[in-house]
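Report on the structure
Listed below are the residues making up each chain.
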Amino acid sequence: MKVFLRYEDNDDESTHKTLKITLPKIWKSGPTSRLLEQFVESYNSGKEAQSNTLDVSSLHLSIRRPGNTDDEISTLKDLPSDGIIIETISDRDDVYVCHGPSRTTSEISAERQAQLDKQKEEMKNLSKCIHFGCNNRFPKGGPYPECKYHSGPPVFHETAKYWSCCPDKKCFDFEDFLQLPTCQTGTCTDVRDDCDGGRKEFMGGCDIREQLSGGPKLRSIDDFNRSVAAGGSEGAPVLERLRSVMEEIGVENELFDQVLSGVKKEVREKNGFGVERDDALVVDEAVKTLGEKLKNSMKAIAVEQLRINNRAAKKQCRGIIVMTKLAI
């Protein structure tokens, strides 16, 4: 394992130095402070120390890490003095010797936590703009900054990502999506209109299909009447249609009504409802339960069909083997 120790934290380039070290195996499981001590010892014994002697107690090691995006500048990340070399440094990494005392892992963690706590405290006094695509934060009660935003929510449909107000500008990479230009300008706000209470923060495939079909599916007048008659139950019309369809395929209405009555009884017992309760909630829960039971029955039939097909295939295979042996 090789590392490059670089001292460049000085305006005088004549004091800069790069030291290439091939680490002994025993060093890999040791602390990073050993690398710093080795570099300072080598530096102070060289010509650079004539004008710039280094003190190991006032230095620390850092490693450069790339930014989260291509446009983001890489930054130096401090290495803890008690960090294990093999766990914090990769082979052929550039390790920078910087001014400022070293800190242990616990000290660095405590400092980061303090920064997070400070940010949380500051965020308590800030509001976030509610406009789509605007990430501005500002003091509660103003002043309110200028705002660039989208008039509609984002759409995530299959692999495409775009804003519903700008459907012609689609992306497939999330980072590219975040860089799409906005279409509206105005002033930031943290106050929602009454009509925004049920707004969608994002849209998916179902919303797109609903828009293309001109809105939510309309119910027939018969379904509407059945729903009203059942106290507003959305499941009542479904049960009526199912009862009719089951009769067409040979299931008597009496049998269907008996099963439905039993399902309703299960619903009442499960939810602690009264034995006589038969309102919209009971009906809708009964629809869900009956649907699950029918689904499980269909699955059982499919499994049995698969078992029969497998037996038939095995029987056919044995027959082919017997015929082959006879032919031989």
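The structure under discussion appears in the preceding block.
So, how was this worked out
Residues numbered from 1 in each chain as written. Predicted model: local features only at pLDDT ≥ 70, side-chain atom pairs only at ≥ 80, totals over all residues. Heavy atoms only, no water. Helix = DSSP H or I, 4+ residues; strand = E, 2+ residues; numbered from the N terminus. Buried < 20%, exposed > 50% of the residue type's maximum accessible area, 1.4 Å probe, protein only. Contact = heavy atoms within 4.5 Å. Areas by Shrake-Rupley, 256 points an atom, 1.4 Å probe, with all protein chains shown as cover. Axes fitted to C-alpha atoms, helices over the stretch in contact; angles between N-to-C directions. Parallel < 35°, antiparallel > 145°, perpendicular 65-115°, else oblique. Left-handed = near helix turned anticlockwise from the far one by under 90°. Nonpolar A, V, L, I, M, F, W, Y, C, P; charged D, E, K, R; others polar. Phe/Tyr/Trp six-rings, centres within 6.5 Å; stacked < 30°, edge-to-face > 60°. Pairing = 2+ DSSP bridges. Polar contact = N/O pair within 3.5 Å; in protein donor to acceptor, adjacent residues only side chain to side chain.

Focus: the overall build of the protein
Counting its secondary structure elements, the protein contains 10 helices and 12 strands. Sorting the 328 residues of the protein into buried and exposed places 28% on the buried side. Residue pairs in contact within the protein that sit at least 24 positions apart in sequence constitute 51% of those at least 6 positions apart. Of the accessible surface of the protein, which amounts to about 22500 Å², a share of 52% is contributed by carbon and sulfur atoms.

Focus on unusual backbone geometry
Residues Gly142 and Pro143 are joined by a peptide bond in cis, for which omega reads 5°. The phi angle at Arg92 is positive, at roughly 70°, despite the residue not being glycine.

Observations concerning the packing of helix α8 (residues 236-248) against helix α9 (residues 253-271)
It is at 9 Å that the axes of α8 and α9 come closest, and there the two elements cross at 140°. Between α8 and α9, the angle falls in the class oblique. In this structure, the crossing between α8 and α9 has a hand that is right-handed. Contacts from Leu239, Leu242, Arg243, Met246 and Glu247 of α8 reach α9 at Asn253, Phe256, Asp257 and Leu260. Of the residues belonging to the contact of α8 with α9, the class tally is 5 nonpolar, 1 polar and 3 charged.

Some remarks on the side chain of His150
The topology assignment puts His150 in the loop between β8 (146-149) and β9 (154-157). Ignoring sequence-local partners within four residues, the contact set of His150 consists of Phe132, Trp163, Cys165, Cys166, Leu180, Pro181, Thr182, Cys183 and Gln184.

Some thoughts on the packing of aromatic side chains
Considering all chains together, one arrives at 7 aromatic pairs under this definition. Relative to Tyr43, the ring of Tyr7 lies with its centre 5.4 Å away and its plane at 70°, an arrangement referred to as edge-to-face. Linking Tyr7 in strand β1 (residues 2-7) with Tyr43 in helix α2 (residues 33-44), this pair joins segments that are 36 residues apart in sequence. Judged by its relative accessible area of 0%, Tyr7 is buried. Taking 6.4 Å as the distance between ring centres and 50° as the angle between the ring planes, the aromatic pair formed by Phe156 and Phe202 counts as tilted. With a gap of 46 residues between them, Phe156 in strand β9 and Phe202 in the loop between β12 (184-187) and α6 (205-212) connect regions that are remote in the sequence. Owing to a relative accessible area of 52%, Phe202 belongs among the exposed residues under this scheme. Members of the aromatic cluster, connected to one another through ring pairs, are Phe156, Trp163, Phe174, Phe177 and Phe202.

Structural notes on the sheet that holds strand β4 (residues 75-78)
Strand order across the open sheet formed by 5 strands is β2-β1-β5-β3-β4, with mixed pairing between neighbours. Here the strands that pair on one side only, and so sit at the sheet edges, are β2 (17-22) and β4. Going from strand to strand, the sheet's axes swing by 35° on average, the running direction of each strand aside. Where β1 and strand β5 (residues 93-99) come together, 5 bridges link them in parallel fashion. Across the sheet, Phe4 pairs through a bridge with Asp94, a residue of β5. Relative to the sheet, α2 contacts β1, β2, β3 (59-65) and β5, its axis offset from that of β2 by approximately 125°.

Focus: the side chain of Ser62
On the secondary structure map, Ser62 appears in strand β3. One polar contact links Ser62 to His60, side chain to side chain, over a distance of 3.5 Å. At 2.9 Å, the side chain of Ser62 and the side chain of Asp78 are in polar contact. Setting aside residues up to four positions removed in sequence, Ser62 forms contacts with Leu76, Lys77, Asp78, Leu79, Asp94, Val95, Tyr96 and Cys98.

A short note on the pairing of strand β10 (residues 160-163)
Residues Ala160 and Tyr162 of β10 are buried on one face, and the alternating residues Lys161 and Trp163, pointing to the opposite face, are buried as well. Here β9 runs beside β10; their pairing, made up of 4 bridges, is antiparallel. By the bridge assignment for β10, Phe156 is matched with Lys161. As consecutive antiparallel partners, β9 and β10 are separated by 2 residues, and within that stretch Glu158 has a phi angle of approximately 55°, a positive value. In terms of strand pairing, β10 meets strand β11 (residues 166-171) through 2 bridges, oriented antiparallel. Pairing of Lys161 across the sheet is with Cys171, part of β11. Linking β10 back to β11 in an antiparallel pair, the connection comprises 2 residues.

As for the sheet that holds β9
Spatially, β9-β10-β11 is the arrangement adopted by the 3 strands of the open sheet, whose pairing is antiparallel. Single-partner strands in this sheet number two, and they are β9 and β11. Each neighbouring strand pair of the sheet contributes to a mean axis angle of 25°, computed without reference to strand direction.

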